[in-house]
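If you want the building blocks of each chain, they are given just below.
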Amino acid sequence: MATESKLENPQIDEKNTPKTEPENPQIEEKKMEKEEVKVGETEKLKIEEKDGVEIKIPVLDTVVDRAIAETEKEKATETEKKGNDEKTEIERSSSFKEETNLSSDLKENEMKALNEIRSKLEDAIINNKLFQATKEKEREIVVKSGEEKEKEREIVKSGEEEKDVKEKTGETEKGDGEKEQVKEDEKEKESGETAKGKEVVVEEKEESIDKDIAIWGVPLLPSKGDNRTDTVLLKFLKAKDFKANDAFEMLRNTLKWRKENKIDSILEEDIGADTGSMASMEGHDRNGHPVCYNFFSVLGNEEIYGRTFEERREKFMRGRIQIMEKGIQKLDFKPGGVSAILQISDLKNTPLPTKKELRNATKKVVELLQENYPEFVAKNIFINVPFWYYAYSALFSPSLSQRTKNKIVYARSARVSDTLLKYIPASQIPVQYGGLKRETDAEFSVGEDVKEATVKAGSTEVIEILAPEEGKTVVWEVSVSGWEINYKEEFVPADEGSYTVIVAKGKRIAFQDGTIRNSFTNKEPGKIVITIENGAFKKKRILYRYKINDVSSSSSS
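Bear in mind that the values here come from a model prediction, so they are computed numbers and not experimental data.

Outline the overall build of the chain, supporting the account with residue identities and numerical values.
If you tally the helices and strands in the chain, you get 15 helices and 18 strands. Here the chain holds 557 residues, and the buried ones make up 43% of them. Nonlocal contacts in the chain, meaning residues at least 24 apart in sequence, comprise 76% of its contacts between residues at least 6 apart. When the accessible surface of the chain is totalled, it reaches about 31000 Å², and 47% of it is carbon and sulfur.

Describe the packing of helix α7 (residues 229-239) against helix α8 (residues 244-260), with residues and values.
Packing of α7 against α8 leaves a shortest axis separation of 8 Å and a crossing angle of 115 degrees. Classified by chirality, the crossing of α8 by α7 is right-handed. Taking contact as the criterion, the partners of L233, F236, L237 and A239 in α7 are, on α8, A244, A247, M250, L251 and T254. Tallied by class, residues from the contact of α7 with α8 come to 8 nonpolar, 1 polar and no charged.

Any chance you could break down α8 for me, citing the residues and the numbers?
Look at α8: 24 Å from first C-alpha to last across 17 residues, which is about the 24 Å you get at 1.5 Å a residue. Directly after α8, the chain includes K262, whose backbone phi takes a positive value near 55 degrees.

Explain the pairing of strand β6 (residues 279-284) residue by residue, including any values.
For a regular strand, side-chain orientation follows a simple rule: the groups alternate between the two sheet faces. Where β6 lies against strand β7 (residues 290-295), 4 bridges are found, and the strand directions are antiparallel. Among the inter-strand pairings, S280 is bridged to a residue of β7, identified as Y293. In textbook terms, the turn of a hairpin is the stretch between consecutive antiparallel strands, and for β6 and β7 this stretch comprises 5 residues, one of which, G288, has a positive phi near 90 degrees.

Which residues make up the packing of aromatic side chains, and what values go with them?
All told, the structure shown has 13 aromatic pairs when counted by the stated rule. With a centroid separation of 4.7 Å and an interplanar angle of 70 degrees, the aromatic rings of W216 and F376 are classed as edge-to-face. Within this pair, whereas W216 is found in the loop between β4 (214-215) and β5 (218-219), its partner F376 is found in the loop between α12 (356-372) and β9 (377-383), the two being separated by 160 residues in sequence. For W216, a relative accessible area of 12% corresponds to the buried category. Between F382 and Y389 the ring centres are 5.6 Å apart and the planes differ by 35 degrees, which places this aromatic pair in the tilted class. For Y389, a relative accessible area of 13% corresponds to the buried category.

Hey, could you go over the environment of L421 for me, with residue numbers and the actual values?
Topologically, L421 is positioned in helix α15 (residues 416-421). For the pair formed by L421 and R286, sequence separation is 135 residues and the distance between their alpha carbons is 9.2 Å. Setting aside anything within four residues of it in sequence, one finds L421 in contact with R286, A426, I429, R541 and L543.

Describe the pattern of salt bridges, with residues and values.
If the charged atoms of two oppositely charged side chains come close together, the side chains can form a pair. Per the counting criterion, the structure on display carries 23 salt bridges. The partner of E325 in a salt bridge is R258, and the shortest N-O contact between them spans 2.9 Å. Of this pair, E325 sits in helix α11 (residues 309-328) while R258 sits in helix α8, placing them 67 residues apart in sequence. Of the two residues, E325 and R258, both sit in the buried class. Residue R541 is joined to E452 by a salt bridge in which the shortest nitrogen-to-oxygen separation is 3.8 Å. Within this pair, whereas R541 is found in strand β18 (residues 540-550), its partner E452 is found in strand β11 (residues 451-455), the two being separated by 89 residues in sequence.

Account for the packing of helix α3 (residues 108-126) against α8, naming residues and giving values.
Between α3 and α8, whose axes approach to 9 Å, the crossing angle comes to 45 degrees. Comparing their axes, α8 and α3 come out oblique. Classified by chirality, the crossing of α8 by α3 is right-handed. Residues A113, E116, I117, K120, L121 and A124 of α3 pack against A244, N245, A247, F248 and L251 of α8.

Break down the side chain of K437 for me, with residues and values.
Structurally, K437 can be placed in the loop between α15 and β11. In this structure K437 touches E282, G283, A426, S427, Q428, I429, P430 and V431, once residues within four positions along its chain are discounted.

Quick rundown of the sheet that holds β11? Include the residues and the values.
Read across the sheet, 4 strands follow the order β11-β18-β13-β16 without closing on themselves; strand pairing throughout is antiparallel. Two strands lie at the open edges of the sheet, namely β11 and β16 (516-521), each paired on one side alone. Ignoring strand direction, the axes of neighbouring strands in this sheet form an average angle of 25 degrees. Here 5 bridges tie β11 to β18, and the two strands are oriented antiparallel to one another. Opposite A453, over in β18, you have I542 as the bridge partner.

Can you tell me about the nonpolar core, naming the residues and giving the values?
Ranked by size, the top nonpolar core spans 61 residues in total, and within it L130, W216, I328 and Y373 carry the most contacts. For this core, the secondary-structure elements that each account for two or more residues are α3, α7, α8, α11, α12, α13 (387-396) and β10 (408-411). The residues touching I328, leaving out its near neighbours within four places in the chain, are W216, F333, I341, Y373 and F376. By size, the runner-up hydrophobic cluster in this structure holds 23 residues, among which are V478, I485, I509 and I542.

Break down the confidence of the model for the chain for me, citing the residues and quoting the values.
Confidence along the chain averages 76 in pLDDT terms, with 65% of residues attaining 70 or more. Ignoring residues within four places in sequence, the model shows residues 1-45, a span with pLDDT below 50, making 80 contacts including any to other chains. Taken together, the stretch residues 193-205 has pLDDT below 50 and engages in 16 contacts with residues farther than four places along the chain or on a different chain.

Definitions and limits used
Residues numbered from 1 in each chain as written. Predicted model: local features only at pLDDT ≥ 70, side-chain atom pairs only at ≥ 80, totals over all residues. Heavy atoms only, no water. Helix = DSSP H or I, 4+ residues; strand = E, 2+ residues; numbered from the N terminus. Buried < 20%, exposed > 50% of the residue type's maximum accessible area, 1.4 Å probe, protein only. Contact = heavy atoms within 4.5 Å. Areas by Shrake-Rupley, 256 points an atom, 1.4 Å probe, with all protein chains shown as cover. Axes fitted to C-alpha atoms, helices over the stretch in contact; angles between N-to-C directions. Left-handed = near helix turned anticlockwise from the far one by under 90°. Nonpolar A, V, L, I, M, F, W, Y, C, P; charged D, E, K, R; others polar. Expected span 1.5 Å × (residues − 1). Pairing = 2+ DSSP bridges. Phe/Tyr/Trp six-rings, centres within 6.5 Å; stacked < 30°, edge-to-face > 60°. Salt bridge = Lys/Arg side-chain N within 4 Å of Asp/Glu carboxyl O. Parallel < 35°, antiparallel > 145°, perpendicular 65-115°, else oblique. Core = buried A, V, L, I, M, F, W, Y, C linked by side-chain atoms within 4.5 Å. pLDDT = per-residue confidence, 0-100.

In structure tokens:
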């Protein structure tokens, strides 16, 4: 098998160092941010010096500025935010591991709440009272509505009586009132709109509850003894801070919502290619959570979400619910199993939220997911985040629970690969995000080992892949976090008298270029040498893997 070795990293010679200021994608990104910052009212500039370079940073003296500050304050747990988001290291969260769903790990008060909700659920199902609270609320609304109508009639009646007294003589106020009351009573009898009548109608809708009632394929009747039931109940309890009554009410509302909207059959619906392209399930994270990628750039398509968005809103919302249900199909609700999804939302080319119908639909989806899918998100990572989104997300912040806020991570474009690598193996991250996963891959499998190396700031790293046998095809792929490096590939023969073959000429590679894959068939023993020069101010992570095939199984480059 081929082995790998590293040469000593030579420092860049001063003669070869460009006289111009080294390229710094973070500084360039800051300059772009200044142009994007149009959401405020008054723009100011402050100058900061970083690594000997003066950077002008826009400062907004508006509500947007305060919203951004508030958002950053909530996110700062271990490191202090300094307003330079792309340079802030997002530390691996110790709470990223999914919270326990083992009853043996619960605290005393949490176990008490679990037993309480078990008892409530058992009693409600056995005694056919699961939806009784909902029915009672409907009756209260009807009664209240009836009382309000009664008051309105009295006001109208009073006015008409006054008018009749002035215009008609010989008719008493009492007589007019009695006539009006008789007329109103007759109308109520005909239409059946009295509070009492409404209650009778509600009573007629009472249905028996199936003892096999389930949610997400998990039986809800505790006495059935299915160990997955507690996992589901714990989700609702955690969402309500282990308040059994609130959690039980939330569960009841979710069951009612699922029934009314036919959620159990939503996987069979044809949502449409345009809506379906907004999300996909790909791979698993380091803890086994399924990973869902969401793409919001499609919202900028005027043909799809332009003037007709109002008509498509329902399909858009059901599409978001459908992808959530698809992800849940991959979960294991058994105690100790994986019962949450890692959500990644790509905001690249996301349109500004200037359309009212789009904002309303997005807000409605967020509310629906939070109300009916509690604790189904292990982490919610937003990548390629534009500057304006920090202020926009602050608008939704009040409607989110603190537990939900703690699961949110933001990453600017230059930090995407580094951020995702904290949670997902390189072999499971798509190539467009700096990983090594391709939609169809005939060369490498998902489980194949990925090697890592580091190229320090202002230095060069050399990766060598030995090819001691002639007539073999070496296949390799490389990804560098943030890129913005100089890169070249060569084949160096073992025989010093032979010539070095240039496989790929040296060139500058930006982070938009993505993962590199190449191959070479050697005619004599030697090695592949990959040279990476990092002229940036910070170190970068290199991810790579390779394999050696017989010529018959691979094509030469």
